[in-house]
Amino acid sequence: MSFTESIKKEFSTRTLVLIPVAIAINIVVGQLLIILKLPIYLDSIGTVLVGALAGPWAGALTGALTNIIWGLTLYPQAMPFFYVAAVIGAMAGIAAKLGVFERISPRWLSALIGGFFFFGLTLFILSVTTYSREGLIPNATDLIRQYGVVFIIIAIIGLAIGYFVLQKAGYAGLAGLITGVVAAIISAPTAAVVYGGVTGAGTDLVVAAFRASGTGILASTFAQGAVSDPFDKMVSFLIVWLILQALPARFKSR
Amino acid sequence: MVVIDVHELTYTYPTTNVAALNDVSLQVTEGEFLAIIGNNGAGKSTLCYALSGFVPHFFKGTMRGRVQVAGMDTQNVTLNDLVLKVGLAFQNPFNQISGAKYTVFEEVAFGLENTGVPREQMVERVERALRLTGIDELAERSPYSLSGGQQQRVALASILVMEPQVLVLDEPTSQLDPVGSREVFQVIKEMSDSGMTVILVEHKVEWIAEFADRVVALHDGRIIAQGTPAEVLTSATLAEHGFGLSRYTTTAREALKRGLWLVERRLPTTLQEAADGFSRGKA
Amino acid sequence: MTASISLYIAGDSGLHRLHPLTKLTLTLTILLGGFAIPYTWASYAIFLGIVLPIAIWGGIWKQMLRSVWKIVLPFAISIFLIQSLFWGEGTALFAFGPLSIEKEGVIFAMGSVGRIIVVISSFLLLTLATRPDSLMNALTKIGVPAGITYIVVTTIQIVPRFQAKAASIIDAQRSRGLITEGNLLKRTRALVPLVMPLVLSSLVDVEERAIAIEARAFNSPGSKTSLNVIPDTSTQRIARWIMFLLIVLIIGYRIWWSLTFTN
């Protein structure tokens, strides 16, 4: 099958009808989260769902159109990030091809995944912000010694998240966490350039804290994203995992 | 002239092993009003899909036997060829609204836009379809603002505008209130009276008794009875399977057991027959 | 329940009657102009001198100002506070104790706010005065796949239905004891019983809706026709090409400028 044919195959009539439904879910749940004032967005559930059910290209289109349509109607701030949503959809599709939404992981493994991931994430964020402040890439062991308590607390939180939140969806959760980090990296430049790193929401306090310690705008913006995005995408992937476990077989044959 | 010819049709959906339709054969002549009855899971919807080509083209699966509709073998043509000849409407009125159009007029024109009908013809055909379904005053309304019965008539108009040869209707009134049901059935009856071939899956046996030319009863994917309403709706086979009997029939059967209905008299399926039978026959 | 989530306000102004592609090109030109010109005051000049007069011509200036105010205000407050107080090294305008308001921060914040105003208002010019399906049909005519048109217009119409569905699920779950107020953990726990029914019930309908549009020959090969005709003039066509050229020039200028003056 040629390249264009394999793209077209993802867009059956069922997929075409699914996409507006998925975008509507993204927008409605995203709006709901804004009202609930929680520090996560959850505006990608539909995107991840389409990626999982129809493939990466369909997922990417769903993500991009979500931000564009949402941006042109209820929530203009979303518009510049259409490419981030596209990447999320594509990564969900790739994760689905790797079987992530069908595999069940034992809870201890999910706990380990959570613990290791958040430990590594903290290391990554602190490296970036320290580099921004001091201009040198810091040594990992120095950082761990310097911020020791923070690392321990976050690792424990990570273990708890893996065990109690992810439970048997460890692989899906990991895929979500990785997607979240990628999303944070690629959205930071736009957030910094277009919005100066600020959204008018509560998460700006995180940005303020980093800025106060002398970190640059781009690094602060990235830090804020890296704190919210992985958890947000992890929950989205988890919800889609739950959905796919609950769907009868005939819905999954595309 | 035979417009539908189903020959030994056996069909199984892709994710199961149990056949949804088993060795089904039937013929429909042009202009006939054929009713299909059966319990849930009997294969009525599958048969509707087979007559309109969605089985096998949309659902894939394994199909054996042959379905010929309007001169085409459904397995040898594409779904696009078939939708122009066979119009399909089903239960949920809301799901039949495309969502891509803002007014009823545009919604009805959707099928004509997709098939490349020139603009001048479109307006005339849409107006005719709206008149046939009695929804002219709704032309400028949003399809989403309508009642279930109105939406179902929009769905019918959207199909009639494409001038099909056969109408296949899968329980079009099941989700409607009595008013909506009556409005929709009125349209169906008028289409049938004007010569359209109509296949109707229905539970409201009283209607079928009154208006259908022939009835086909399905059970577990097989045809268990076929014939005129009077024949099928009073048959013992149906009673065994526990469906298809109208109130009039069941009342008369009880009466028969108690000697209040003449044995030689055929069981009634309509109000009129029941009234006649009860007023004349005294055992 | 609203008919759709689009911001379109019906009207008969000159702006309304412009071809959708003209309006789209206009929006993009203004947008890029606001970003490309490197002076802080440029965005405000564009807003007051170009966008607002066009909005007045279109009779949509009231809604525009209302929307811009609603969206930009929280953002402006945040960015002024954060960027002027925490700018780092710079020239202090005022100082009180450990905090000081840095001039560079204020200028930066003003630049950001100006750009946001231009972005939001230029898109509002498009969305307030253009029916979504006209825009999508115009895009289809220049090559955007018909599936995209279907997706965009359908989404806009079904979101209010989904909002209603979500509201009734929330009510139903609340009457079964679901707690949606309270602390962070409580609110997070409320999410799954709200989201799962919404998604699962929507998926069931997808197959039937796919059958319904197939029954309307949606996948029919061959060219499609259109019921509604969108009037266009050669003047507008020429204007669109000129604006397109302008866009290319602006982008080129900006690339040249950043290559020459940075690094």
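Reading the values: rules and limits
Residues numbered from 1 in each chain as written. Chains lettered and ligands numbered in written order. Predicted model: local features only at pLDDT ≥ 70, side-chain atom pairs only at ≥ 80, totals over all residues. Helix = DSSP H or I, 4+ residues; strand = E, 2+ residues; numbered from the N terminus. Expected span 1.5 Å × (residues − 1). Buried ≥ 20, exposed ≤ 12 C-beta atoms within 10 Å, placed from the backbone. Arc of directions from axis to C-beta. Contact = placed C-beta atoms within 7 Å. Pairing = 2+ DSSP bridges. Nonpolar A, V, L, I, M, F, W, Y, C, P; charged D, E, K, R; others polar. Axes fitted to C-alpha atoms, helices over the stretch in contact; angles between N-to-C directions. Domains from an automatic or database assignment.

## Concerning helix α5 (residues 119-132) of chain B
All names here are of chain B.
So, step 1. In this model, α5 (14 residues) spans 20 Å end to end at C-alpha, consistent with the 20 Å of a helix rising 1.5 Å per residue.
So, step 2. Along α5, the residues classified as buried are M122, V126, A129 and L130. Seen along its axis, α5 keeps its buried residues to an arc of 100 degrees; they face one direction. For α5, the exposed residues lying more than 90 degrees away from the buried face are E120, Q121, E124 and R131.
So, step 3. Summarising the contacts, the buried residues of α5 are in contact with α4 (104-114) and α6 (148-160).

## Remarks on helix α7 (residues 178-193) of chain B
All names here are of chain B.
So, step 1. Taking 1.5 Å of rise per residue, 16 residues should cover 22 Å, and α7 covers 22 Å from first to last C-alpha, within 8% of that figure.
So, step 2. Buried within α7 are the following residues: G180, E183, V184, I188, M191 and S192.
So, step 3. Contacts from the buried residues of α7 go to β3 (33-38), α6, β7 (166-170) and β8 (197-201).
So, step 4. Two residues or fewer after α7 comes G195, characterised by a positive phi angle close to 110 degrees.

## A closer look at the pairing of strand β9 (residues 214-219) of chain B
Residues and elements named next belong to chain B.
So, step 1. Counted residue by residue, β9 has six buried out of six residues, so it is predominantly covered.
So, step 2. Alternating positions in β9 separate into two faces, R214, V216 and L218 on one and V215, A217 and H219 on the other, with burial throughout.
So, step 3. In the sheet, β3 pairs with β9 via five bridges, with the strands oriented parallel. In the sheet register, G38 faces β9, and the bridge partner there is L218.
So, step 4. Strand direction decides the pairing type here: β9 and strand β10 (residues 222-227), joined by five bridges, are antiparallel.

## Focus on the interface of chain C and chain A
So, step 1. Taken residue by residue, the interface counts 49 residues in chain C and 42 residues in chain A.
So, step 2. Going through the elements one at a time, α4 (61-85), α5 (103-129), α7 (146-175), α8 (184-189) and α9 (191-215) of chain C are the ones with two or more residues in the side of chain C that touches chain A.
So, step 3. It is α9 of chain C that provides the largest number of residues to the side of chain C that touches chain A, a total of 14 residues.
So, step 4. Looking at the side of chain C that touches chain A residue by residue, the class counts come to 32 nonpolar, 13 polar and four charged.

## Focus: the sheet that holds strand β6 (residues 86-89) of chain B
All names here are of chain B.
So, step 1. Taking strand neighbours across the sheet as the criterion, the six strands line up as β6-β7-β8-β3-β9-β10 in an open arrangement whose pairing is mixed. Each end of this open sheet is capped by a strand with a single partner; those strands are β6 and β10. Going from strand to strand, the sheet's axes swing by 15 degrees on average, the running direction of each strand aside.
So, step 2. In terms of strand pairing, β6 meets β7 through four bridges, oriented parallel. Paired with G87 across the strands is L167, a residue of β7.
So, step 3. Packing against the sheet, helix α1 (residues 44-52) makes contact with β3, β6, β7, β8 and β9, and its axis sits at approximately 155 degrees to β7.

## As for the domain arrangement of chain A
Residue and element names in this part refer to chain A.
So, step 1. Along its sequence, chain A is carved into domain 1 (3-100) and domain 2 (107-246).
So, step 2. Look at where the C-alpha atoms of domain 1 and domain 2 centre, and you get two points 21 Å apart.
So, step 3. Facing 18 residues of domain 1, the contacting portion of domain 2 comprises 24 residues.
So, step 4. Among the secondary structure elements, those contributing two or more residues to the side of domain 1 that touches domain 2 are α3 (45-54) and α5 (82-97).
So, step 5. The dominant element in the side of domain 1 that touches domain 2, judged by the number of residues it contributes, is α5, at five residues.
So, step 6. Of the residues that constitute the side of domain 1 that touches domain 2, the class distribution is 16 nonpolar, two polar and no charged.

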